[in-house]
Amino acid sequence: MLEGGARVMRPRRAAPGDAVRPTRAEVNLAALRHNLRVVQKHAEGQKVWAVLKADGYGHGSPAVARTLERAGADGFCVALLEEGIELREAGIMAPILVMGGYYGSATAELLARRLTPVVYDWSQIEAFSRLARSGAVAGPVDVHLKIDTGMARLGVRMNELPAFAARLAGQQEIRVTGLMTHLADADAASPEEMREQMRKFELATAEGVKVGLRPVVRHAANSAAVLRREAKLDAVRPGVAIFGVSPVILEQGAGELHLAMRVRTEIAALRTVEAGERIGYGGLWTAARKSVIATIPMGYADGLSRALTNRGHALVRGKRVPIAGAVSMDMAMLDVTDIAGVSVRDEAVVLGAQEGPLGKDSISAEEVAKHAGTIAWEVLTSISRRVPRFYREP
Ligand SMILES: *Cc1c(COP(=O)(O)O)cnc(C)c1O
């Protein structure tokens, strides 16, 4: 039964069948499995709950989840209820934790889908208690309680915890099976801030136990923490590492992560411009010499940030070339003057590796992030819905 007839809509995304343009994101499923193994090794026996929020960091969460579930991931975390439902509709059976806290009037659908809510606010507890009392669900509702140990984003504040936990322990309809926190500085040079958060988390656990809470799974570590073998509890929540980005330098012999996404397109047009000619909106690039300019059908609306104007790169024929002029909405221009033999329909790679007659190179998400003034997480999640995802083995 859906409470108040609430129905959660599924997110929409372009399907490969729609792909007329040669602009695509290729997702290497073998790389996902490899990265999961690297994370599992660092987790040293802790359960691995892969974080697949924001459509699996832009990779397409159903395909990623199916791949990881078969490869031995213990569970998944998403931010939104809609994201959890999408995974259930894709046939995912593993536990799914909904971390964002927005359940609206769809609490019944959340439980009917066997999604586990994260709670941190009394109104959420009340909503689930009411539902349980109405008989819409059998038995108590299992939740994970979030503690704010220093991130100051979501979670019960440490000073409010004793009262909150005591009240929660008296709530028959709710069973706190999990206790979690989120780390603000897991990738900092010094682990001190993270360790201070973990000390608070231990205090929070003790507070909860004192009043009768019995969480069976505690978790805190994101990618950076698990790769540093810090914040060890019962489970870890790696996101970006699964997709091949390491927020920290891995220790020797730990095995490299492999970037799972490769974004490629093809040169749509070529022209030769004279020295002094200007390129693109605002004429932000001026040819210093007679130059060959390639136009690619990928722009900021596809996730090629406009901040890459005159800063970013692409790979053509295995060689790095600069973006020339302003990235526009649907297109961008490259200075391919030094690319011998360049022609229309040559592949241009803006993220990931390419091998060609002129060599072999790759563009990392970290590099794009640096040029665009952002972080690798945003680079991956910015690849927009109109870029179809293609799944490859290997
Ligand atoms: C996004 C997120 C993660 C994963 O973070 P990564 O740095 O991508 O590993 C873990 N926990 C929470 C609560 C998050 O929001």
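What counts as what
Residues numbered from 1 in each chain as written. Predicted model: local features only at pLDDT ≥ 70, side-chain atom pairs only at ≥ 80, totals over all residues. Heavy atoms only, no water. Near = heavy atom within 4 Å. Polar contact = N/O pair within 3.5 Å; in protein donor to acceptor, adjacent residues only side chain to side chain. Areas by Shrake-Rupley, 256 points an atom, 1.4 Å probe, with all protein chains shown as cover. Salt bridge = Lys/Arg side-chain N within 4 Å of Asp/Glu carboxyl O. Helix = DSSP H or I, 4+ residues; strand = E, 2+ residues; numbered from the N terminus. Buried < 20%, exposed > 50% of the residue type's maximum accessible area, 1.4 Å probe, protein only. Contact = heavy atoms within 4.5 Å. pLDDT = per-residue confidence, 0-100. Expected span 1.5 Å × (residues − 1). Axes fitted to C-alpha atoms, helices over the stretch in contact; angles between N-to-C directions. Parallel < 35°, antiparallel > 145°, perpendicular 65-115°, else oblique. Left-handed = near helix turned anticlockwise from the far one by under 90°. Nonpolar A, V, L, I, M, F, W, Y, C, P; charged D, E, K, R; others polar. Core = buried A, V, L, I, M, F, W, Y, C linked by side-chain atoms within 4.5 Å.

A look at the site of the ligand
Now for step 1: Contacts to the ligand come from 14 residues, most closely from Lys53, Tyr57, Ser223, Gly239 and Val240.
Now for step 2: One of the backbone nitrogen or oxygen atoms of Val240 is found 2.8 Å away from an oxygen atom of the ligand.
Now for step 3: Burial of the ligand by the surrounding chains reaches 91%, relative to a free accessible area of 390 Å².

Focus: the pattern of salt bridges
Now for step 1: Inspection of every chain in the model, using the stated rule, returns 25 salt bridges.
Now for step 2: For the salt bridge of Arg218 with Glu202, the shortest nitrogen-to-oxygen distance reads 3.3 Å. Placement of the pair is Arg218 in strand β9 (residues 217-219) and Glu202 in helix α8 (residues 192-211), with a sequence separation of 16 residues.
Now for step 3: Judged by its relative accessible area of 15%, Arg218 is buried.
Now for step 4: Measuring nitrogen to oxygen at the nearest pair gives 3.2 Å for the salt bridge that ties Asp361 to Arg320. On the criterion of sequence distance, the pair formed by Asp361 in strand β20 (residues 359-363) and Arg320 in strand β17 (residues 319-322) is long-range, its members being 41 residues apart.

A look at the side chain of His144
Now for step 1: Along the chain, the position of His144 falls in strand β6 (residues 141-148).
Now for step 2: Relative accessible area serves as the criterion here: at 3%, His144 is assigned to the buried category.
Now for step 3: Only 2.9 Å separates the side chain of His144 from the side chain of His219, close enough to count as a polar contact.
Now for step 4: Among all residues touching His144, those that are not within four sequence positions of it are Trp49, Leu97, Thr116, Pro117, Val118, Val119, Thr177, Gly178, Val217 and His219.

So, the side chain of His34
Now for step 1: Position of His34 relative to the elements: it lies in helix α1 (residues 29-43).
Now for step 2: His34 has contacts with Glu256, Leu257 and His258, leaving out every residue within four places of it along the chain.

Re the confidence of the model for the protein chain
Now for step 1: In the predicted model, the protein chain carries a mean pLDDT of 94, and the fraction of residues at 70 or more is 95%.
Now for step 2: Counting contacts from residues 1-5, a segment whose pLDDT is below 50, to residues more than four positions away or on other chains yields eight contacts.

Topic: α1
Now for step 1: Its 15 residues give α1 an end-to-end C-alpha distance of 21 Å, which sits within 8% of 21 Å, the value for a rise of 1.5 Å per residue.
Now for step 2: Where α1 is buried, its residues touch β1 (24-28), β2 (47-51), α3 (61-70), α9 (223-227), β10 (235-236) and β21 (389-392).
Now for step 3: Sitting at the head of α1, Asn28 places a side-chain oxygen 3.0 Å from the backbone nitrogen of Ala30.

Quick word on the packing of α1 against α3
Now for step 1: Direction vectors running N to C along α1 and α3 enclose 50°, while the axes themselves pass 10 Å from each other. As far as their axial angle goes, α3 and α1 are oblique. As for the relative orientation of α1 and α3, their crossing is right-handed in sense. Only Val64, Thr67 and Leu68 of α3 make contact with α1, whose side of the interface consists of Leu29, Leu32, Arg33 and Leu36.
Now for step 2: Taken together, the residues of the contact of α1 with α3 break down into five nonpolar, one polar and one charged.

Concerning the nonpolar core
Now for step 1: Ranked by size, the top nonpolar core spans 118 residues in total, and within it Leu68, Phe76, Leu145 and Leu334 carry the most contacts.
Now for step 2: In terms of residue count, α1 provides more of this core than any other element does, seven residues in total.
Now for step 3: Not counting the four nearest positions on each side in its chain, Leu334 is found in contact with Val292, Ile293, Ala294, Ile296, Ala314, Val316, Val321, Pro322, Ile323, Ala324 and Ala348.
Now for step 4: Counting seven residues, the second-largest nonpolar core is a separate cluster that includes Val273, Ile279, Ala287 and Ala324.

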